[in-house]
Amino acid sequence: MTENSRYIGHMPKIGIRPTIDGRRKGVRESLEEKTMNMAKMVAKLISDELNYNNSQPVETVIADTCIGGVAEATKAKAKFDKENVGVTITVTPCWCYGSETMDMDPNRPNAIWGFNGTERPGAVYLAAVLAAHNQKGIPAFGIYGRDVQDIDDQTIPEDVVEKILRFAKAGIAVAMLKDKSYLSIGSVSMGIAGSMVDEGFFQDYLGMRNEYVDMTELNRRINEEIYDKEEYEKAYAWVKQNCAFGSDTNSEGNQRSKEQKEEDLKMNIKMTIITRDLMEGNLKLAEMGYEEEAMGRNAIASGFQGQRQWTDHLPNGDFMEAILNSSFDWNGIRAPYMVATENDTLNAVTMLFGHLLTNTAQVFADVRTYWSPEAVKRVTGQKLEGKAQDGIIHLLNSGSAALDGTGQQEEDGKPVMKPYWDITKEEVNKSLQATKWRPANTEYFRGGGFSSNFKSKGDMPVTIARVNLVKGLGPVLQIAEGYTVELLDEVHEILNNRTDPTWPTTWFVPNVTGEGAFRDVYTVMNNWGANHCAMSYGHIGADLITLASMLRIPVNMHNVKDENLFRPSAWNMFGTQDPEAADYRACQIYGPLYR
Ligand SMILES: C[C@H](O)[C@@H](O)[C@@H](O)C(=O)CO
Ligand SMILES: [Mn+2]
């Protein structure tokens, strides 16, 4: 498949609605140019600053005319429907007729920028139309600049830019999820509730469908050679040349033979190609006579059960998951796939949120251990220093961590994780060199396989997050911004060797606030709602919160400053003293976006 056809259908666009005072013979005419210019400025800002995960600039569509009343509102909607608009932004410098010009589509996230000026009352319209949105139960985001601008000022102030981009990013993420699939390969892994597919959640909250294949489908395609053999040869040669294989920590009697390991590796490479084909299809398969297999399942994310039936008998999925989740493979540098280990559907969704907001690869991990400074001192004799001084959380899992998580990409001399189009070949090589593929622990994985073993570089600003389902309440999202830290080698070795040393490790320290769930590092760990988290590069808590509010998923824990919270204006009507409680009430009243 070509890059742009990873998913079926076109990328969703942002529709821009310049609304205007409908009174002709003076008022409207005097405002046409200014209003349309605002729309053009917003369109330019968005396509200059935002990209889809395929690297292309986010596309916008401006209504053909300014919208002075319901006729033009309807024409704009018709144009947007044709153009696959998934998000709308209304802009205006003046008074307009609220309910007559408003965007009535309840499923497309909508924001309104009301120009803060004095010549014409853009802010009065903003307040009036938001009241109409609230009264009609169609939440909208209000954008009102802090400082008054003159009517002929053709710039977008910084605070407005920030809100437009936060809204647009989250809105595009919502639109990207819609009509895509989650593909479960296998079913529930070792009783992990996250791998029990909740179809209602996918359908009602995300607008997605669920697809299922049994893990035997991988076996069938391997045995019947239903994969691109040329690609396999290329992949095998690439792996042999670029992947470093680390030592076997299994006791002698438990080690797989050299021949078995070679077969395991070959199978792992085939599993990688086949899982990708299952997700997005592959035209090559049609040429081989497998038209049905060639179509794929329009999956924007998938999960592989692995443990235990597959892994008790066959090589585990770690290699496949790690490579697909990374921003590169034998075909070069490319957008990461979202593949959850243990078919943890809820972690896959969290990875999707992080990926669609940042376009970067995600690190899937167990939230494994809280190490207090005292416990570290006891077992290593060393004192934790710097950002790590008040304790650390060990993020570790056998599978899915993207190799981007090594921290071998750089910006201004600092470790980062970038969108794939900014990653260099040299950075790919460094990430590969920083990773050892180590024979899997055969007590856990009787069928062998290879785990990716690396240690993340320190000082990366990152955000860990997790969607949890709570009976009677529905989905909730938890978020912790913080930093990766690097420990002294001898401390890392001792701590790592107490657990499974063949897996990828990230040492994480959340930003603590001294209050609530962020009282201290221990309390963050103690409040984590499941065994897994998804780690995304950057401090993206505010973006995640905006996205969650669009989907009506309340946020049960976060360490983002109040002034950075950006939710639909209706949320304020549910209370302003305690934004968390208001979020719960609003999400409950509005219910999932697609129901
Ligand atoms: C090997 C083990 O079964 C791990 O896979 C297990 O600890 C987990 O990762 C649970 O999420
Ligand atoms: Mn796990």
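These numbers were taken from a predicted model, which means no experiment stands behind them. (Residues numbered from 1 in each chain as written. Chains lettered and ligands numbered in written order. Predicted model: local features only at pLDDT ≥ 70, side-chain atom pairs only at ≥ 80, totals over all residues.)

Engineer: Could you clarify how one ought to interpret the environment of Pro-57 in this entry?
Structural biologist: Tracing the sequence through the fold places Pro-57 in the loop between α1 (27-49) and β2 (60-62). Residues Pro-57 and Gly-541 lie 484 residues apart in sequence; the distance between their C-alpha atoms is 23 Å. Those residues in contact with Pro-57, other than ones at most four positions away along the chain, are Ser-47, Leu-50 and Asn-51. (Helix = DSSP H or I, 4+ residues; strand = E, 2+ residues; numbered from the N terminus. Contact = placed C-beta atoms within 7 Å.)

Engineer: Before we go on, may I ask you to explain the packing of helix α7 (residues 216-223) against helix α9 (residues 258-280) in this structure?
Structural biologist: A pair of packed helices can be characterised by two numbers: the angle between their axes and the separation between those axes. Two elements in contact, α7 and α9, have axes separated by 10 Å at closest approach and are oriented at 110°. Here α9 runs roughly perpendicular to α7, going by the angle between their axes. Here Leu-218, Arg-221 and Ile-222 of α7 lie close against α9, whose contacting residues are Met-267, Lys-270, Met-271 and Ile-274. For the contact of α7 with α9, a count of residues per class yields five nonpolar, no polar and two charged. (Axes fitted to C-alpha atoms, helices over the stretch in contact; angles between N-to-C directions. Parallel < 35°, antiparallel > 145°, perpendicular 65-115°, else oblique. Nonpolar A, V, L, I, M, F, W, Y, C, P; charged D, E, K, R; others polar.)

Engineer: Would you mind going over the confidence of the model for the chain with me for this structure?
Structural biologist: For any part of a model where pLDDT is low, the fine detail of the predicted coordinates should not be relied upon. Scored by pLDDT, the chain has a mean of 97; 99% of the residues are at 70 or more. For this predicted complex, the interface confidence reaches an ipTM of 0.97, while the overall pTM sits at 0.98. (pLDDT = per-residue confidence, 0-100.)

Engineer: What exactly am I supposed to notice about the site of ligand 1 here?
Structural biologist: Near ligand 1 you find Gln-307, Glu-342, Asp-366, Asn-397, Ser-398, Tyr-444 and Asn-531, and these make up its full shell. A class-by-class count of the residues in the shell around ligand 1 yields one nonpolar, four polar and two charged. (Near = placed C-beta within 6 Å.)

Engineer: Can you walk me through the UniProt feature "binding site: Mn(2+)" (unreviewed entry) in the chain in this structure?
Structural biologist: Annotation from UniProt places "binding site: Mn(2+)" (unreviewed entry) at Glu-342, Asp-366 and His-532. For the annotated residues, spread through 191 residues, the largest C-alpha to C-alpha distance comes to 10.8 Å, consistent with a single compact locus. Within the secondary structure layout, Asp-366 lies in strand β13 (residues 363-371). Apart from residues lying up to four places away in sequence, Asp-366 is in contact with Leu-396, Asn-397, Asn-531 and His-532. (UniProt positions renumbered as here; feature names shortened; annotations may be inferred.)

Engineer: How should I be thinking about the environment of Ile-269 in this particular structure?
Structural biologist: Along the chain, the position of Ile-269 falls in helix α9. In this structure Ile-269 comes out as buried when scored by C-beta crowding, with 24 C-beta atoms within 10 Å. Separated by 36 residues in the primary sequence, Ile-269 and Glu-233 have C-alpha atoms spaced 9.7 Å apart. Setting aside residues no more than four positions away along its own chain, Ile-269 makes contact with Tyr-232, Ala-235, Tyr-236 and Val-239. (Buried ≥ 20, exposed ≤ 12 C-beta atoms within 10 Å, placed from the backbone.)

Engineer: Please clarify how the nonpolar core should be interpreted in this entry.
Structural biologist: Within soluble globular proteins, side chains that are nonpolar generally end up buried alongside one another. Judged by nonpolar contacts, the single largest core of 164 residues is most densely connected at Leu-352, Ile-392, Leu-544 and Leu-547. For this core, the element with the highest residue contribution is helix α5 (residues 158-177), accounting for 10 residues. Discounting chain neighbours no more than four positions away, the residues touching Leu-547 are Ala-170, Ala-173, Val-174, Phe-353 and Leu-357. (Core = buried A, V, L, I, M, F, W, Y, C linked by C-beta atoms within 7 Å.)

Engineer: Please clarify how the domain arrangement of the chain should be interpreted in this entry.
Structural biologist: Bring the parts together and some accessible area is lost; that lost area is often taken as the interface size. Under the domain assignment, the chain is made up of domain 1 (3-177) and domain 2 (181-590). Inter-centroid distance (C-alpha atoms) of domain 1 to domain 2 is 35 Å. Between domain 1 and domain 2, the contact holds 27 residues from the first and 28 residues from the second. Ranked by residues supplied to the side of domain 1 that touches domain 2, first place goes to α5 with 10 residues. Partitioning the side of domain 1 that touches domain 2 into residue classes produces 13 nonpolar, nine polar and five charged. (Domains from an automatic or database assignment.)

Engineer: So what exactly am I meant to see when it comes to the sheet that holds strand β17 (residues 436-439) here?
Structural biologist: The strands that make up a sheet are held in pairs by hydrogen bonds between backbone atoms, and each pair lies either parallel or antiparallel. Here three strands make up an open sheet; going across it, the order is β8-β17-β18 and the pairing mixed. Edge positions in the sheet fall to β8 (244-245) and β18 (450-453), since each has one partner strand and no second. Taken together, the four bridges between β17 and β18 define a ladder with antiparallel strand orientation. Among the inter-strand pairings, Lys-436 is bridged to a residue of β18, identified as Asn-453. (Pairing = 2+ DSSP bridges.)

Engineer: Help me out: how do you make sense of the sheet that holds strand β5 (residues 141-143) in this one?
Structural biologist: The sheet built from five strands is open, its strands ordered β2-β1-β3-β4-β5 with parallel pairing. Looking at which strands have only one partner, the edges of the open sheet turn out to be β2 and β5. For this sheet, the mean angle separating the axes of adjacent strands, direction not counted, is 20°. As paired strands, strand β4 (residues 110-114) and β5 are joined by three bridges and run parallel to one another.

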